[in-house]
Every structure is written in structure tokens, then in C-alpha cells.
Amino acid sequence: MPMRYLIWAGLALVVLPLAGLGLWLAALPAAPTAFAPPIVPQAEIDAMLAALKPPKAGRPLVAIIGLNDATETTDYLMPTGILRRADIADVVTISTEPGPVKLYPALAVEADATIETFDARHPEGPDYVIVPAMSRDDDPAVTAWLRKQAKGGAVIIGICAGAKVVSAAGLLDDRRATTHWYHISDLLHHDPSIRYIADRRIVVDRSVATTTGITASMPMMLTLIDAIAGRDKAEAAASDLGLDFWDTRHDSGAFRLTRLFAMTVLGNRLAVWSHDRFGIALEPRMDEIALSLVADAWSRTYRSRVELFAASPEAVTTRGGLRLLPDRVTATWSGERLPHEEASKRPTDALDEALRDIGARYGQGTAHVVAMQLEYPQHGAGP
């Protein structure tokens, strides 16, 4: 008798969670609801550009803050690369502590300064602070520093889930805002005073800007360049990225948790026998924008990850002056390599090619999952 009860109990422990999982999956929508968002009124665009004008005279100073143990890859690298190439401001990457900034889901970088050394060099404070997504939204050093810079008049820009960090600092109270689609509920739960704005990739309210998911840092930086140096400079930067057009429109309904997304992630996580590790040779003058997008994409498949390798442990300087560190010190890579050319194209072309290659290798469902995580409008609405 006791053995029979144990068997039934064991079966229940297996069947009940599976049944719950099945019910949860069945409750999810089969596909997102997509529509063509309306054109943003010119008056709204003008007000946004006016709010993003430099708060002080002279060449602007931009600080990009990161946690040493985990800061989102593209959120940290892409704004730095775009702004430095445009050459319309001095751009400084900052870490909370000495040592490398470990990025997620891939790469590592040496920051230009710590919070302490930045403040010593620039007692007047930055004109702009860019806040990427971080592993902890409420790190005391980050939130205290953000409050200090906002009080000093800096424009605060939360990229992706960096909006949650901005909120934790108390800087989104009673403001309009947006964030990565997956984190909207969490953002509003922790601060119900926030007024979420749908169908905009960028929302600016009283010197605090927020964006939708990871790839929104492209239009955000282009809009910032426009505000600082004019439309011609912004269009030149857009051409360098591979963008013919950008604005703040966004189809928020196309980005939500669906049955396809959940089932693909579950399936890929369970395929433990078929997970890949790709190497990219770390070389001087690499395009850090394209590299960040490619490494980010391939490391979000739930089937693969990307590592940089080099013969020396020393940092290597990219085209935009970032100092990237190798994940593995070796002259040769024993596994499969991603071709250097994939990370050396124009950034949007590099991302498009990475998504095509991911779809060819792991299926279009996985390419869809990656594009959804990146909140990439060109590919996010469907597989």
C-alpha cells in the first residue's frame, strides 16, 4: 500500500505541473495584434526635441552609467558608439566600481571612469546621463548618483529596462514613460504614478526620457543628435547605421508574450544537448555597434552564446574608442566561429543578417524570439 501511494504521489508531482504549464500556454495569445501606428504629430516631435536640448552652454557632456556585474550589452555599447561617431558631445562610459563591466548577455568592457573619478574630473556634472538596463534596478550607488545628476540639471535617458533603474531613483514619479514590453507591468507595479504611453519608442517628460526595448537606443540617440546638432547631423548618423528613416512611432501591440514565444523558449531551453558556443576574434577598430547587436542576438536564442577571443588578455580599442576585453585568451578558437564580416557590416544590416542566420540554424520561431527580446520593429511582429 505505501509503495502504491508513493507512486501515485510521484505521478501527481509530474502531471500537475505539466497540466498547469499547458493551461498557462493555452491562455497565452497565439500571436500578437499588429497595426500601423499613426504618424506622430509635428508638435509632439518639436516638444520632444526642445526638451532634449542641452541644459548648459558649450559642448555637451554625456555619461553612460553601468553596473560592473551586469549591464545590458547593446544598451551600454550602442549609445556610446553612435554619439562618439557623430562627434557632437564628449561621451564618457562609467562604472560603479573599478574593474571590468560585465555585459549581458555577452561581452565585457573597461569603462572610462568610475562614478568617483568621473565626479572628481567633472564637478559640474554631465548634461546627459544614459541609463541602460541593469541586473539590479535599485543599486544604491546608481540611484543616488542619478538623483544627484538630475538635481544638477542633467537630462536622464533610460534605455529599455533602464527605465526601471530611473524609476527606482524616484525620477519617474508622476511622469509619462515607456520601457521594454516585457517589463511594463513590473515598472507600473513598483510606481503606479507612472503614466505608461503606448505606441511610442521614445517618451520624454520634463527632462527624463525613456525608450522601448534594446534597439530603441538607435532612434533615441538619433533624436538626441538632432536636438543637439540638427537634423543633418542626425541623418548622417542614421546613414552610418543603415537606417533610411526613423521616428518615435511604435506598434506596442506587436510586442507581447505569446504562445509561440513561450513554446520556442521552453523548447530551446530543454534542448541542452544542442547548445552552441560561437567565437568572434577580437580585433582593433571593430565596429562596436554592429558587434554588440550581433553578439546580443546570438546570445538570446536560448540555444547559443557568443564569446570574444584574443591571444592577449589586454583590452582592444574599437572604432568608437571602447575598450573591449576578451572572454577567452587563446590564439585559436576550437569551436565554431561567427565570421568577422557579420560584425563589420552596417549595424542594421549586421542585425538583419544575424536574424536570418539564426532563423536558418534554429528555425524562424527562434529568430522571432530574438527580435522580440530586442524589440526590433522590422522583425518583431511575426516569425
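Analysis parameters
Residues numbered from 1 in each chain as written. Predicted model: local features only at pLDDT ≥ 70, side-chain atom pairs only at ≥ 80, totals over all residues. Heavy atoms only, no water. Helix = DSSP H or I, 4+ residues; strand = E, 2+ residues; numbered from the N terminus. Expected span 1.5 Å × (residues − 1). Buried < 20%, exposed > 50% of the residue type's maximum accessible area, 1.4 Å probe, protein only. Polar contact = N/O pair within 3.5 Å; in protein donor to acceptor, adjacent residues only side chain to side chain. Contact = heavy atoms within 4.5 Å. Pairing = 2+ DSSP bridges. Core = buried A, V, L, I, M, F, W, Y, C linked by side-chain atoms within 4.5 Å. Axes fitted to C-alpha atoms, helices over the stretch in contact; angles between N-to-C directions.

Trainee: Explain helix α3 (residues 73–86) to me, and be specific about the residues and the numbers.
Mentor: Compared with the 20 Å implied by 1.5 Å per residue over 14 residues, the 20 Å span of α3 between its first and last C-alpha is a close match. Burial runs high along α3: 12 of the 14 residues are buried. For α3, the set of buried residues is T73, T74, D75, Y76, L77, M78, P79, T80, G81, I82, L83 and A86. At the N-terminal boundary of α3, the capping side chain belongs to E72, with an oxygen 2.8 Å from the backbone nitrogen of T74. Following α3 by one or two positions, D87 adopts a phi angle in the positive range, close to 55 degrees.

Trainee: Would you mind going over the environment of V165 in detail, with residue names and values included?
Mentor: Topologically, V165 is positioned in helix α6 (residues 162–168). Between the C-alpha atom of V165 and that of V131, which follows or precedes it by 34 residues, the distance is 7.4 Å. Excluding its chain neighbours within four sequence positions, the residues that come into contact with V165 are V131, P132, M134, R136, D137, V142, T143 and L146.

Trainee: Could you give an account of the pairing of strand β1 (residues 61–66), with specific residues and numbers?
Mentor: With 6 of 6 residues buried, β1 lies mostly within the body of the structure. By the alternation rule, side chains of β1 split into L61, A63 and I65 and V62, I64 and G66, which are all buried. When β1 meets strand β7 (residues 128–131), the two strands line up parallel, connected through 3 bridges. Bridge pairing in β7 places I64 opposite I130.

Trainee: Run through the nonpolar core, naming residues and quoting values.
Mentor: Counting residues in each nonpolar core, the largest one holds 76 residues, and the members touching the most others are L52, L83, I157 and W298. Not counting residues up to four positions away in its chain, the partners in contact with L52 are Y128, V155, V204, A209, M220, T223, L224 and A227.

Trainee: Go over the sheet that holds strand β18 (residues 336–337) with me, naming the residues and quoting the values.
Mentor: The strand order across the open sheet formed by 4 strands is β17-β14-β13-β18, and the pairing between neighbours is parallel. Here the strands that pair on one side only, and so sit at the sheet edges, are β17 (328–329) and β18. Against the sheet, helix α11 (residues 288–298) touches β13 (276–281) and β14 (304–310), its axis set at about 135 degrees to β14. Along the sheet, helix α12 (residues 347–362) contacts β13, β14 and β18; its crossing angle with β13, the most-contacted strand, is approximately 150 degrees.

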